[in-house]
Amino acid sequence: QLQLVESGGGSVQAGGSLRLSCAASGNTVSRYAMGWFRQVPGKEREGVAVISTDGGHTYSADSVKGRFTISRDNTKNTLSLQMNSLRPEDTGVYYCAAASRVMWPMRQYDYYYWGQGTQVTVSS
């Protein structure tokens, strides 16, 4: 089993930055492609970005390209999402999740393990 715990969420003004982290335990994170999703009440969970097992390949949603960067440190069993130039529409609960490999577009059912989520609120 793999346990994932997100941190780094909070409230920020539009144009600001946040860095989300996901700490993994119980297994070796290098086995998995890792992704970030976000969800707003009343809407489907949206794939934000995904990174391959070794970090060599990344994909991100058009809505965040040029603003968000996904990265991983397999030696520390961690995943990160650097979020710059934040917009109010980026508000939501952000989840990290693990899959067997990178697939695009991101689909929830491809991800076996999920964190509890961390709230990001961007004010205008």
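Residues numbered from 1 in each chain as written. Predicted model: local features only at pLDDT ≥ 70, side-chain atom pairs only at ≥ 80, totals over all residues. Heavy atoms only, no water.

## Focus on the environment of Phe 68
Our working rule: Starting at the N terminus, helices and strands are each numbered in turn, a helix being any DSSP run of H or I of at least four residues and a strand any DSSP run of E of at least two. Relative accessibility under 20% of the residue-type maximum defines a buried residue, over 50% an exposed one, and the middle range a partly exposed one, all with a 1.4 Å probe and only protein chains included. By definition in these notes, contact holds between two residues if any of their heavy atoms fall within 4.5 Å.
Among the structural elements, Phe 68 can be located in strand 7 (residues 68–73). Given the relative accessible area of 7%, Phe 68 is considered buried. When the C-alpha atoms of Phe 68 and Arg 19 are compared, they prove to be 9.4 Å apart, with 49 residues separating the residues in sequence. Once you skip the residues sitting within four places of it in the chain, Phe 68 turns out to touch Arg 38, Val 48, Leu 81, Gln 82, Met 83, Asn 84, Leu 86, Asp 90 and Tyr 94.

## Re the pattern of salt bridges
To keep things clear, this is the line we draw: For this document, the term salt bridge refers to a Lys or Arg side-chain nitrogen within 4 Å of an Asp or Glu carboxyl oxygen.
Evaluation of the coordinates by the stated rule reveals four salt bridges. Salt bridges linked by common partners bring Arg 38, Glu 46, Arg 67 and Asp 90 together as one network.

## Considerations on the environment of Glu 6
Going by this rule: Pairing of N or O atoms within 3.5 Å defines a polar contact, subject to two protein rules: one partner must be a possible hydrogen donor and the other a possible acceptor, and residues neighboring in sequence count only if both atoms are side-chain atoms.
As for its placement among the helices and strands, Glu 6 is situated in strand 1 (residues 3–7). The buried category is assigned to Glu 6, whose relative accessible area is 5%. In this structure the C-alpha to C-alpha distance between Glu 6 and Cys 22, which are 16 residues apart in sequence, comes to 4.3 Å. Contacts of Glu 6, omitting those with residues within four sequence positions, involve Ser 21, Cys 22, Trp 36, Tyr 94, Tyr 95, Cys 96, Gly 115, Gln 116, Gly 117 and Thr 118. A polar side-chain atom of Glu 6 sits 2.8 Å from the main-chain amide nitrogen of Cys 96. For Glu 6, the side chain forms a polar contact with the main-chain nitrogen of Gly 117, separated by 2.9 Å.

## Re the nonpolar core
Rules: For this analysis, a nonpolar core means a set of buried residues of the types Ala, Val, Leu, Ile, Met, Phe, Trp, Tyr and Cys, connected via side-chain atoms within 4.5 Å.
Counting 27 residues, the largest nonpolar core has Trp 36, Leu 81 and Tyr 94 as its most contacted members. Secondary-structure elements contributing two or more residues to this core are strand 3 (18–25), strand 4 (33–39), strand 5 (46–51), strand 7, strand 8 (78–83), strand 9 (92–99) and strand 11 (118–123). The leading source of residues in this core is strand 3, at four residues. With residues near it in sequence (within four places) discarded, Tyr 94 still touches Glu 6, Leu 20, Trp 36, Phe 37, Arg 38, Val 48, Phe 68, Leu 81, Met 83, Gly 117, Thr 118 and Val 120. Formed by six residues, the second largest nonpolar core is a distinct cluster that contains Phe 37, Val 50, Ala 99 and Met 106.

## Details of the pairing of strand 11
How we decide: Note on pairing: DSSP must find at least two bridges between two strands before they are called paired.
Burial of strand 11 is one-sided: the residues Thr 118, Val 120 and Val 122 facing one way are buried, the residues Gln 119, Thr 121 and Ser 123 facing the other way are not. Looking at chain direction, strand 9 and strand 11 are connected through three bridges and run antiparallel. Paired with Tyr 94 across the two strands is Thr 118, which belongs to strand 11.

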